[in-house]
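Analysis of the macromolecular model
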Amino acid sequence: MSVSPERYCLGGLMKDIEKEINEGDCDNSNDVTAFKSSQDKIFSSNDTFLPPFNTLFSPSLENYNFFPESNGSEESEKNDEVENEIKSQFSLKNILAAFNSQKSTKQLQKILSEESNETINLIINELKGNFREVIKNRNGNYFCSDLLKVCNQEQRIKILTELSPFISEDCTHEFGTHPIQNLIELSSSEEEYKLLLASFNDYNKVLLASLSQNGSFVIQKLIVNIPEKTRVQFNLIFVQFICILSRDMYGLCAVKKFIGYTKNELIVKQVFNTIIKNFVSIASNQYGNYLIQYLLEKWWKTPEGVYLKKIIASKFQILSGNHFSSYICRLFFKLCSNEEKKEFLSNLNNYKSIKGGSQQTKLPNLNKFIFEEKDKKDKKEKKEKKEKKEKKETKENKEKNVNNKNDE
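Residues numbered from 1 in each chain as written. Predicted model: local features only at pLDDT ≥ 70, side-chain atom pairs only at ≥ 80, totals over all residues. Heavy atoms only, no water.

Regarding a positive patch on the surface
Basically, it comes down to this: Note that patches include only residues with greater than 30% relative accessible area and no salt bridge, and the join distances are 9 Å for like charges and 5 Å for nonpolar side chains (Val, Leu, Ile, Met, Phe, Trp, Tyr). Surface accessibility follows the Shrake-Rupley procedure with a 1.4 Å probe radius. Residue values consider only the protein chains on display as shielding. By definition here, a salt bridge exists when the distance from a side-chain nitrogen of Lys or Arg to a carboxyl oxygen of Asp or Glu is within 4 Å. We count Lys and Arg on the positive side and Asp and Glu on the negative side, and we leave His and both chain ends out. Charge placement uses NZ in Lys and CZ in Arg. For Asp and Glu, CG and CD serve respectively. For helices the rule is a DSSP run of H or I covering at least 4 residues; for strands it is a run of E covering at least 2, with both sets numbered from the N terminus onward. Burial here depends on accessible area, computed with a 1.4 Å probe over protein chains only, as a share of the maximum for the residue type. Under 20% is buried, over 50% is exposed, and the range in between is partly exposed.
A cluster of basic residues, Lys379, Lys382, Lys385, Lys388 and Lys391, forms a positive patch at the surface. Among the structural elements, Lys379 can be located in helix α28 (residues 372-407). Its relative accessible area of 62% is what places Lys379 among the exposed residues.

Concerning the nonpolar core
Selection criterion: In this text, buried Ala, Val, Leu, Ile, Met, Phe, Trp, Tyr and Cys residues form a nonpolar core when linked through side-chain atoms within 4.5 Å. In this description, contact between two residues means that some pair of their heavy atoms is separated by no more than 4.5 Å.
Counting residues in each nonpolar core, the largest one holds 77 residues, and the members touching the most others are Phe143, Leu147, Phe200, Ile219, Phe238 and Ile312. With near-sequence residues (within four places) excluded, Phe238 lies in contact with Val206, Ser210, Ile219, Leu245, Ala254, Val255 and Phe258.

Some points on the packing of aromatic side chains
For any two aromatic rings, the description comes down to two numbers: the centre-to-centre distance and the angle of the planes. Using the following cut-off: The aromatic pairing rule takes the rings of Phe, Tyr and Trp, using the six-membered ring of Trp, and pairs them if the centres are within 6.5 Å, calling planes under 30 degrees apart stacked, those over 60 edge-to-face and the rest tilted. Cation placement over rings: the criterion is NZ of Lys or CZ of Arg within 6 Å of the ring centroid and within 35° of the ring normal.
Scanning the model with the defined rule gives nine aromatic pairs in all. Ring plane angle 50 degrees and centroid distance 5.5 Å describe the contact between Phe99 and Phe143, whose orientation is recorded as tilted. Residue Phe99 is located in the loop between α5 (92-98) and α6 (102-112), and its partner Phe143 is located in helix α9 (residues 140-150); the two are separated by 44 residues in the primary sequence. Each of the two residues, Phe99 as well as Phe143, counts as buried. Aromatic ring contacts, followed pair by pair, group Phe200, Phe234, Phe238 and Phe258 into a single cluster. Across the ring face of Phe166, the terminal group of Arg132 is positioned such that the distance to the ring centre comes to 4.0 Å. Here the guanidinium or amino end of Lys309 rests over the ring plane of Trp300, the centre of that ring lying 4.0 Å away.

Section: the state of the cysteines
Selection criterion: Cysteine sulfur atoms are paired as a disulfide whenever they fall within 2.5 Å.
What the rule picks out here adds up to zero disulfides. Its sulfur unpaired, Cys144 is 8.3 Å from the next cysteine sulfur, which belongs to Cys151. The exposure class of Cys144 is buried, given its relative accessible area of 1%.

What to know about a negative patch on the surface
Residues Asp378, Glu381, Glu384, Glu387, Glu390, Glu393, Glu396 and Glu399 make up a contiguous surface patch of negative charge. Looking at where Glu390 falls in the secondary structure, it is placed in helix α28. Glu390 gets classed as partly exposed once you look at its relative accessible area, which sits at 42%.

Thoughts on empty space enclosed by the protein
Where empty space is left becomes clear once a probe the size of a water molecule has been rolled over the atoms. The condition that has to hold: Every definition here rests on a 1 Å grid over the protein atoms only: cavities are sets of points where a 1.4 Å probe fits but cannot get out, pockets are open sets enclosed by protein on both sides within 12 Å along at least five of seven lines, and lining residues have some atom within 4 Å of a point. Grid points are joined across faces, edges and corners, and a volume is the space filled by probe spheres set on the points. Note on residue classes: Ala, Val, Leu, Ile, Met, Phe, Trp, Tyr, Cys and Pro are nonpolar, Asp, Glu, Lys and Arg are charged, and everything else, Gly too, is polar.
Scanning the entire structure with this criterion turns up one cavity of 30 Å³ or more. Lining the largest cavity are Phe258, Ile259, Thr262, Val268, Val271 and Trp299. Those elements that provide at least two residues to the lining of the largest cavity are α18 (249-260) and α19 (265-277). In terms of residue class, the lining of the largest cavity is made up of five nonpolar, one polar and no charged.

Brief notes about the environment of Asn121
Take Asn121: it is sitting in helix α7 (residues 117-127). With a relative accessible area of 25%, Asn121 lands in the partly exposed category. Setting aside residues no more than four positions away along its own chain, Asn121 makes contact with Gln155 and Lys158.

Brief notes about the side chain of Ser189
Mapped onto the elements of the fold, Ser189 is located in the loop between α12 (177-186) and α13 (190-197). Given a relative accessible area of 12%, Ser189 falls into the buried group.

Observations concerning the environment of Phe131
You can see Phe131 is positioned in helix α8 (residues 131-135). We classify Phe131 as buried; its relative accessible area is 1%. As for Phe131 and Leu163, which are separated by 32 residues in sequence, their C-alpha atoms are 7.2 Å apart. Non-local contacts of Phe131, meaning those with residues more than four positions away in its chain, are made with Ile124, Cys144, Leu147, Ile159, Glu162 and Leu163.

The following block contains the structure:
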């Protein structure tokens, strides 16, 4: 409890009065004893909040400072209190408890964006050893994603070092995939790239992640965000599974991204050779046919595209007989110029039988692709003739009606 300046002033005054009065100067000793007893009542031993006079006050009021200077201990105590409050707020127990509800998690995310770099370090240290649990939590994965956004490179590396051995496994998790994707997008240094790829140095891990719905997105992020020179080992592993992945719904997306973002000639040749060796099985697959269509459009004017067109032309009969590969035939004929179409039709075997002969059943659906434009043209001409005929008839009917009115 603090003592008011008025009490300090009164104490100094009574000390001076006590020095000036003595028993010899007073005629009535009873007055002196009465005065002293009243003084004792005012400053009794019960007033424990008052220190001894000789330690606080100078003999006179002139030298007394009514507002003594503080020594700074109070400020340090206040800082300690604030620091302790922050520590308790972002303690491991409180953070994990906040993930129990969406509302408390959002409040924690809002506070997180306003905190200093020191507080971010405090949070990372508190969550050390628990980041796998956090990213796989229904609400915690959102908090972790926001935490990564406010982290600097050094802080991200701390988190990444803990998660690195388990990325290939956690990336397939429905909640864990989101913070890992953010981590890949935010990475910008060689050290971060190496830590991200460290978990994908195994053939099985790359394959399982690529075939997973959530893992496929992570593989695509790795391909897009990590420079091609850094992911050489990853590329060599990925190429081995082109045939398998191209026939899977999620693997196909990863393969298309890989081909689109790979410029190394050796890798491109290896991909091309693998596809050509397994061309029919890929083209006749419900997902694989999309890969061939993608390559046909991408490589149309390249040396690879020229060779691909020859393969399609040589296997046109087989491809047109399958429901899925028939879409490749349609795209092929659509992309061909008029000269290429003529050359293709002249080199095609059994052309007359396709047009309507007895061997038409050998090439099912082929007529639809080759003569598609001709059919459209014929329909258009028939429609125009019909419209002209209707116009002519309406005109003649009008003239007849006019003539009939004149005769009447």
